[in-house]
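# Descriptive structure summary
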Protein chains: 2
Amino acid sequence: MNPTTFMKSLQLKKLHIRDSFWSSYIRLVRDVVVPYQWEALNDRIEGAEPSYAIRNMKIAAGLEQGSFQGMVFQDSDIAKWLEAVSYLLESESDPELERVTDDLIDIVAKAQQKDGYLNTYFTIKEPNERWSNLAECHELYCAGHMIEAGVAYYQATGKRKLLDVCCRLADCIDSVFGPEPGQIQGYDGHQEVELALVKLYKATGNEKYLQLSKFFLDERGQEPSFYEKELKQRKGKVHFPFLDIASDRSYSQAHLPVRLQTTAEGHAVRAVYMCTGMADVAAETGDEQLLEACRRLWSNIVEKRMYITGAIGSMAHGESFSLDYDLPNDTAYAETCASIGLILFAQRMLLIEPRSEYADVLEKALYNTVISGMSRDGKRFFYVNPLEVWPDACGKNHTFSHVKPQRQEWFGCACCPPNIARLLASLNRYIVSVKDRTIYTHLYIGGELECELDGQAIHFTQQSNFPWEGDVRFEFGGEQEANFTMALRIPDWCPGAKIRINGNFVSFEQTVVDGYAHFTRTWRPGDIIELSLPMPVKRMKSHPLVRETAGKTALQRGPIVYCVEEADNGPNLHHIALDEASEFIVAYEPELLGGLQTITAKGVKRLSDEWGNQLYKADERVQNVPIAVKFIPYFAWANRGRGEMAVWVRE
Amino acid sequence: MNPTTFMKSLQLKKLHIRDSFWSSYIRLVRDVVVPYQWEALNDRIEGAEPSYAIRNMKIAAGLEQGSFQGMVFQDSDIAKWLEAVSYLLESESDPELERVTDDLIDIVAKAQQKDGYLNTYFTIKEPNERWSNLAECHELYCAGHMIEAGVAYYQATGKRKLLDVCCRLADCIDSVFGPEPGQIQGYDGHQEVELALVKLYKATGNEKYLQLSKFFLDERGQEPSFYEKELKQRKGKVHFPFLDIASDRSYSQAHLPVRLQTTAEGHAVRAVYMCTGMADVAAETGDEQLLEACRRLWSNIVEKRMYITGAIGSMAHGESFSLDYDLPNDTAYAETCASIGLILFAQRMLLIEPRSEYADVLEKALYNTVISGMSRDGKRFFYVNPLEVWPDACGKNHTFSHVKPQRQEWFGCACCPPNIARLLASLNRYIVSVKDRTIYTHLYIGGELECELDGQAIHFTQQSNFPWEGDVRFEFGGEQEANFTMALRIPDWCPGAKIRINGNFVSFEQTVVDGYAHFTRTWRPGDIIELSLPMPVKRMKSHPLVRETAGKTALQRGPIVYCVEEADNGPNLHHIALDEASEFIVAYEPELLGGLQTITAKGVKRLSDEWGNQLYKADERVQNVPIAVKFIPYFAWANRGRGEMAVWVRE
């Protein structure tokens, strides 16, 4: 493993997205989501729960009077917004947005205490209780998000003010936590600071941040339990009395030292944020044991605990993983933030060892669960992304009390919307990576790339009509030729890829390593690679040990997982069964929700007439009528009013 | 409607059960359950949570020192035990048991306060808070169970001591509650006193108890909310802070006046206890409006909210009904007590209007859910009777945290075990009823009946090998002939009943009214009726609007619903599908759990080999192998170790 891997990838930051599918999402983030969230952070959205986040920051800064309100981790919403804004400013200047952001950063800087401490909850409400409840109170989590923002804003604008705030904050944390007597040997209940400290290390070169990250990772799960110790020290005081965070150790992955963990347990977001930090530290330190733990946890997630949509978290209790192959469709938690965390983890693994399985999952989570999390107008959001919904039962059967059949406005605990914003605003960072004179293409998203590789200036454009069509075109530009390897991902969903270079089909099967077709040559301006990735409709089946999908099929085409909705197929979706031999009609419908490719298949629907009042009947022949079953992309569900939805259909 | 209906049926109390199936259960109640529960009430079961019930009673009686422990409704366990014992003593004398019981009654009498009040929680712990929290604290519920016990013990033994205690208690309640100024216009959070007061009225002839029952029923659900009023009066103090009983009005059916309710809502046990009380009052007063409400609620339950096993309560939250056709198999609450309550409701409706649909449901709940609630050795019990269990997920996925894959010992909140005991001990009261010179046979349980009808002494025996075989034989005994009608229930599961009288087939189809075949004649000693009820195996289907069973079949034979278990069919029951055209082999296996009739069918099982590590695969042909699928009666599940179980199987 090469410790400079990630540094090299940073040279790729001149990647501008110009994509028929994603540019409009990024535009939505810029024009709608970020402005809307700014209003939300300032408590100016009528009808939505106030955020109080900026008000808390102003109170802590001494600019306003009042008491802290909102969740204990409310500061993180400001940080995520700052981070999203940074990425937007990086790709396109916006002086007004930058001015507003600088003003906010001034407030944040004023809210920082003299010793570097920064957290409005404890500063305002419990100034003497700092660092007394790591298990529940998210101090390091909030710090981590602010550090991510500080690094991103510095990289985007060159302005150091927020970065300096973050360095002082990290220095404060470094003085409080560590192996020395008088320091706390502990770790946060919600992982985040680990990955953030690695970013700060890479932005500043200050190795102590990397060491601190490693310290937090290695403390987690040690005996005796840190949570129990601090619980005793604060005499049993708890912040969330209905939860049991301090004693339910697997909830925050503190049940075992991280290097010994083999299954993804507990709160799904925490688990994948932790894995991301582990991969970051492994990449920078060459720690093979840590990397091996990452690989094990990755395999457990994607081979046994992930929905076909790239969603994770099988139960509402603890927003958590449950057990291998337990993937209920209707009671799923499947949090948007958890899939974003899975994408972060996948990205880090790609930087360490480019294997297409990481990119396959990254793509799956991105094109399905992440954008399911946001309405097509950018104003409403899902926390929970179930794979089957019966709206009548939501609110009536409390098993589904976490499931909303419609996207909601800004939430009281608003982790998902700003997380979507920062991911989409930084999407250019997930498309390609560089390792050892090789440029790996992970996502087929159109855009323009400029980078340096061993002193050679490289420039190329990528064009595609993904996710609807599988033809991808790379054209090399610039002024001079360059010798390097292009490694093109062959997606797992693609049965018969073809590649042409400068118009000539090339045989590439023998060049495929870890899912990437490799072409090493001297590339000249004007060279063209055409990648043709057929996208037949695929009948997907689950592993035999998944109970909830026994006898059921899901449709996938390219990276897109499909679903049936009541809006197209009427109520009682459970009456539908797909013909085993059905052909599929794929059609692009430009008028449908901004343009979607739909699939129509042959199936049958049960006739429910004339059954009568009896709840159970003997030897009843089920009467079916042939119908055309219409599927739309899963991510576009719940944009046409309240109705049933299902990804898995009986066959 | 005839107000004396029920009084007449009481003349049937000389019905002794001698039945190949039920006698052993009743013997189990006598020899194991009641003695075990006596030990439990006295906190002498090693490894089980203590009950504290008798200790509380002794403290309230001034016989011991200490503080109240256990649930606020702990007294009711004593009452249910006393009631069960009464029924046992009624059918078979047991001087030692009667002596122990008399001693306990002495303690209960001493625990009663001078004004008739009887409740150990408030007497010991909050003497100044009597009647201040009806919504949560079960004072009237406990009183109701003690009244049922007092009536039963008096009927069994002729001893009035406990009955007198109960009359004083009821008089105390009658003085506190009522429409007059200074009285409380309220009702209990958990219905029970309503049906108990009608029993007390019928045992004593004192009509004020009937009026008080009607008062409680009619207060429920009136505006403004009584719960909110008393909550305000006690300044917001709540007993169960995690629940929301006072404001979740439908939880205790207080969302509407009972006469206006059309759907079964909230806590399932409370709902059916309420319906039982409503039917009782309707029967005694001729209140047609109340009876009509009973009919509506009955229809809603059995046509839209009942499992095929006669279980009710679709969700753990509030142990409640949810919505029409919402009948999830794995997350069901399906409490044993709720099915017992449904049996009480059915029995009361049968007394008012003998319609076989009431008996069909009574039989279904009895032969399936109620005896599923108890292990075959009488020592372990289910609260929750799911229709599908994956034991690995219990304890890991909290959606199933209420589901136990194995029966448990006595519970801290021990409503179900004593409720099973009192039902089985009084099973003779559910077999036949009398109305207008007609004897209705509801359950085909063997035994001997003596009664008087219009001055005629009637005696007959019933013999059957139910539930395994459908041949039933009635033989008239006694000394003299008698003229009356025999009305024999033709069960809904029976496709081709045949009847012979004294050896000759009789055509009865034209005599069937409301599901009973009627024979009016002068019956002579030695007359024999032979009822032949074929029991073919039936493939049951659910109403099309039930989602969870779409594409699935359950097997039923006679009243018995079957299930597949891992013990017979290996793990991964979701891999099994039944052949649509399979024949069934029915076999009695005398060695299996005390003797069970099993069904073997043709089916297929998915091969799970060679799938590999991928969680999802495209266009995978599912490989099936033919297998013999073995079904056992649902009630006998979970008696052979921990394993999967399912009632509904794919077809």
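Rules of the game
- Residues numbered from 1 in each chain as written.
- Chains lettered and ligands numbered in written order.
- Predicted model: local features only at pLDDT ≥ 70, side-chain atom pairs only at ≥ 80, totals over all residues.
- Heavy atoms only, no water.
- Contact = heavy atoms within 4.5 Å.
- Buried area = accessible area lost by both parts, 1.4 Å probe.
- Salt bridge = Lys/Arg side-chain N within 4 Å of Asp/Glu carboxyl O.
- Polar contact = N/O pair within 3.5 Å; in protein donor to acceptor, adjacent residues only side chain to side chain.
- Helix = DSSP H or I, 4+ residues; strand = E, 2+ residues; numbered from the N terminus.
- Pairing = 2+ DSSP bridges.
- Least-squares fit on C-alpha atoms with pLDDT ≥ 70 in both.
- Axes fitted to C-alpha atoms, helices over the stretch in contact; angles between N-to-C directions.
- Domains from an automatic or database assignment.
- Buried < 20%, exposed > 50% of the residue type's maximum accessible area, 1.4 Å probe, protein only.
- Expected span 1.5 Å × (residues − 1).
- Phe/Tyr/Trp six-rings, centres within 6.5 Å; stacked < 30°, edge-to-face > 60°.
- Lys NZ or Arg CZ within 6 Å of the ring centre and 35° of its normal.
- Parallel < 35°, antiparallel > 145°, perpendicular 65-115°, else oblique.
- Left-handed = near helix turned anticlockwise from the far one by under 90°.
- Nonpolar A, V, L, I, M, F, W, Y, C, P; charged D, E, K, R; others polar.

## Section: the interface of chain B and chain A
- Counting residues at the interface gives 61 residues for chain B and 61 residues for chain A.
- Across the chain B to chain A interface the summed buried area is about 5100 Å²; carbon plus sulfur atoms make up 58%.
- Among the residues chain B hides against chain A, the three largest losses belong to Arg547, Leu615 and Tyr616 of chain B. Together they make up 17% of the total.
- The tally of links from chain B across to chain A stands at four salt bridges.
- Summed over the shared surface of chain B and chain A, the result is 20 residue pairs in polar contact (both at pLDDT 80 or more).
- Going through the elements one at a time, helix H14 (288–304), strand S14 (537–542) and strand S20 (616–618) of chain B are the ones with two or more residues in the side of chain B that touches chain A.
- At five residues, S14 of chain B tops the list of elements feeding residues into the side of chain B that touches chain A.
- Taken together, the three bridges between strand S13 (residues 537–542) of chain A and S20 of chain B define a ladder with antiparallel strand orientation.

## Description of the relation of the copies chain B and chain A
- Superposition record for chain B on chain A: RMSD 0.0 Å, screw rotation 180 degrees, translation along axis 0.0 Å. On the angle and the small slide along the axis, the relation comes out as a two-fold axis. No C-alpha of chain B approaches the rotation axis more nearly than that of Thr399 of chain B, which lies at 3.5 Å.

## Here's the deal with the environment of Leu256 of chain A
All names here are of chain A.
- Looking at where Leu256 falls in the secondary structure, it is placed in the loop between helix H12 (226–233) and helix H13 (268–285).
- Considering only alpha carbons, one finds Leu256 and Ser507, 251 residues apart in sequence, at a separation of 48 Å.
- Once residues within four sequence positions are removed from consideration, Leu256 is found in contact with Arg220, Gly221 and Gln261.

## Some words on the sheet that holds strand S7 (residues 471–476) of chain A
All names here are of chain A.
- What the seven strands build is an open sheet, ordered S1-S5-S6-S7-S12-S9-S10; its pairing is antiparallel. The strands lining the two open edges of the sheet, one partner per strand, are strand S1 (14–17) and strand S10 (504–506). Between one strand axis and the next, the sheet turns by 20 degrees as a mean value, whatever way the strands run.
- Direction of pairing for strand S9 (residues 498–501) relative to S10: antiparallel, over a ladder of three bridges. Of the residues in S10, the one forming a bridge with Ile501 is Asn504.

## Let's talk about the domain arrangement of chain A
All names here are of chain A.
- Considered domain by domain, chain A is made up of domain 1 (433–532) and domain 2 (540–650).
- Look at where the C-alpha atoms of domain 1 and domain 2 centre, and you get two points 37 Å apart.
- Counting the surface lost from both domain 1 and domain 2, the interface buries some 640 Å², and carbon and sulfur atoms represent 64% of this.
- Looking only at domain 1, the three residues that lose the most surface to domain 2 are Pro467, Trp468 and Trp493, adding up to 89% of its buried area.

## Side note on the sheet that holds strand S10 (residues 504–506) of chain B
All names here are of chain B.
- Strand order across the open sheet formed by seven strands is S1-S5-S6-S7-S13-S9-S10, with antiparallel pairing between neighbours. The outermost strands of the open sheet, each flanked by one partner alone, are strand S1 (14–17) and S10. On average, each strand axis in the sheet is inclined to that of its neighbour by 20 degrees, with strand direction left out of account.
- In terms of strand pairing, S1 meets strand S5 (residues 447–453) through four bridges, oriented antiparallel.

## Comments concerning the side chain of Ser339 of chain A
Residues and elements named next belong to chain A.
- Among the structural elements, Ser339 can be located in helix H15 (residues 336–352).
- Overall, Ser339 belongs to the buried group, its relative accessible area being 0%.
- A polar side-chain atom of Ser339 sits 2.8 Å from the main-chain carbonyl oxygen of Gly310.
- Leaving out residues up to four positions away in the same chain, Ser339 has contacts with Gly310, Ala311, Ile312, Ala365, Thr369 and Val370.

## Quick notes on helix H14 (residues 288–304) of chain A
Residues and elements named next belong to chain A.
- The first and last C-alpha atoms of H14 sit 24 Å apart over 17 residues, in line with the 24 Å expected at 1.5 Å per residue.
- Here H14 has its buried residues at Leu290, Leu291, Ala293, Cys294, Leu297, Trp298, Asn300, Ile301 and Val302.
- Those residues of H14 hidden inside the fold are in contact with helix H11 (207–219), H13, H15 and helix H16 (356–372).
- In this structure Asp287 caps H14, since a side-chain oxygen of it lies 3.2 Å from the backbone nitrogen of Gln289.

## Considerations on the pairing of S7 of chain A
- Burial of S7 of chain A is one-sided: the residues Val472, Phe474 and Phe476 of chain A facing one way are buried, the residues Asp471, Arg473 and Glu475 of chain A facing the other way are not.
- In this structure, the hairpin formed by strand S6 (residues 456–464) of chain A and S7 of chain A is closed by a connection of six residues.

## A closer look at the packing of aromatic side chains
- Under the criterion given, the structure shown has 66 aromatic pairs over all chains.
- In textbook terms, an aromatic cluster arises when at least three aromatic residues are bridged by ring pairs, as seen for Tyr444, Phe460, Phe466, Phe474, Phe476, Phe484, Trp493 and Trp523 of chain A.
- Positioned above the aromatic ring of Tyr154 of chain A, the side-chain terminus of Arg160 of chain A is 5.5 Å from the ring centre.
- Stacked on the ring of Phe505 of chain B, the Lys or Arg Arg500 of chain B has its end atom at 5.2 Å from the ring centre.

## Details of the pairing of strand S21 (residues 624–633) of chain B
All names here are of chain B.
- Pairing of strand S16 (residues 560–565) with S21 involves three bridges; the strand directions are antiparallel. Note on S21: the bridge partner recorded for Val564 is Phe631.
- Two elements, strand S19 (residues 596–606) and S21, share eight bridges in a ladder whose sense is antiparallel. Within the sheet, the bridge partner assigned to Ala601 lies in S21 and is Val629.

## Considering the side chain of His459 of chain B
Residue and element names in this part refer to chain B.
- Position of His459 relative to the elements: it lies in strand S6 (residues 456–464).
- Polar side-chain contacts of His459 include one of 2.8 Å to the side chain of Glu448.
- Residues within four places of His459 in sequence aside, it is in contact with Glu448, Leu449, Glu450, Glu475, Phe476, Gly477 and Gly478.

## Details of helix H3 (residues 53–60) of chain A
Residues and elements named next belong to chain A.
- Summarising burial for H3: six of the eight residues are buried, a large majority.
- Among the residues making up H3, those that are buried are Ala53, Ile54, Asn56, Met57, Ile59 and Ala60.
- Looking at the packing, one finds that the buried side of H3 touches helix H2 (22–41), helix H4 (75–91), helix H5 (95–111), helix H6 (120–125) and helix H8 (139–157).
- One or two steps after H3, the chain reaches Gly62, where phi turns positive at roughly 80 degrees.

## Quick notes on the packing of helix H2 (residues 22–41) of chain B against helix H4 (residues 75–91) of chain B
Residue and element names in this part refer to chain B.
- At their nearest, the axes of H2 and H4 sit 11 Å apart, and the two run at 150 degrees to each other. With respect to each other, H2 and H4 are oriented roughly antiparallel. Considering the relative orientation of H2 and H4, their crossing is left-handed. Where H2 approaches H4, its residues Val29, Arg30, Val34, Gln37, Trp38 and Leu41 are matched on the opposing element by Asp77, Ile78, Trp81, Ala84, Val85, Leu88 and Ser91.
- Residue composition of the contact of H2 with H4, grouped by class: nine nonpolar, two polar and two charged.

## Quick notes on the pattern of salt bridges
Residues and elements named next belong to chain A.
- Evaluated as defined, the whole model comprises 104 salt bridges over all chains.
- Between Glu475 and Arg473 there is a salt bridge; the shortest N-O distance is 2.8 Å.
- Here Glu475 falls in the partly exposed class, since its relative accessible area comes to 29%.
- The exposure class assigned to Arg473 is partly exposed, which follows from its relative accessible area of 28%.
- Between Asp568 and Arg640 there is a salt bridge; the shortest N-O distance is 2.7 Å. Of this pair, Asp568 sits in helix H18 (residues 566–569) while Arg640 sits in the loop between strand S20 (624–633) and strand S21 (645–646), placing them 72 residues apart in sequence.
- Salt bridges here are not isolated pairs; linked through shared partners, they connect Arg27, Arg30, Asp31 and Glu92.

## A word on unusual backbone geometry
- Cis peptide bonds are those with omega within 30 degrees of zero, and the linkage from Glu223 of chain A to Pro224 of chain A qualifies with -10 degrees.
- As for its position among the elements, Pro224 of chain A is in the loop between H11 and H12.
- For the bond from Phe466 of chain B to Pro467 of chain B, the omega torsion is -5 degrees, close enough to zero to count as cis.
- Its location among the elements puts Pro467 of chain B in the loop between S6 and strand S7 (471–476).
- Non-glycine residue Gln253 of chain B carries a positive phi angle of around 55 degrees.
- With respect to the secondary-structure elements, Gln253 of chain B resides in the loop between helix H12 (226–233) and helix H13 (268–285).
- Since its relative accessible area comes to 1%, Gln253 of chain B is described here as buried.

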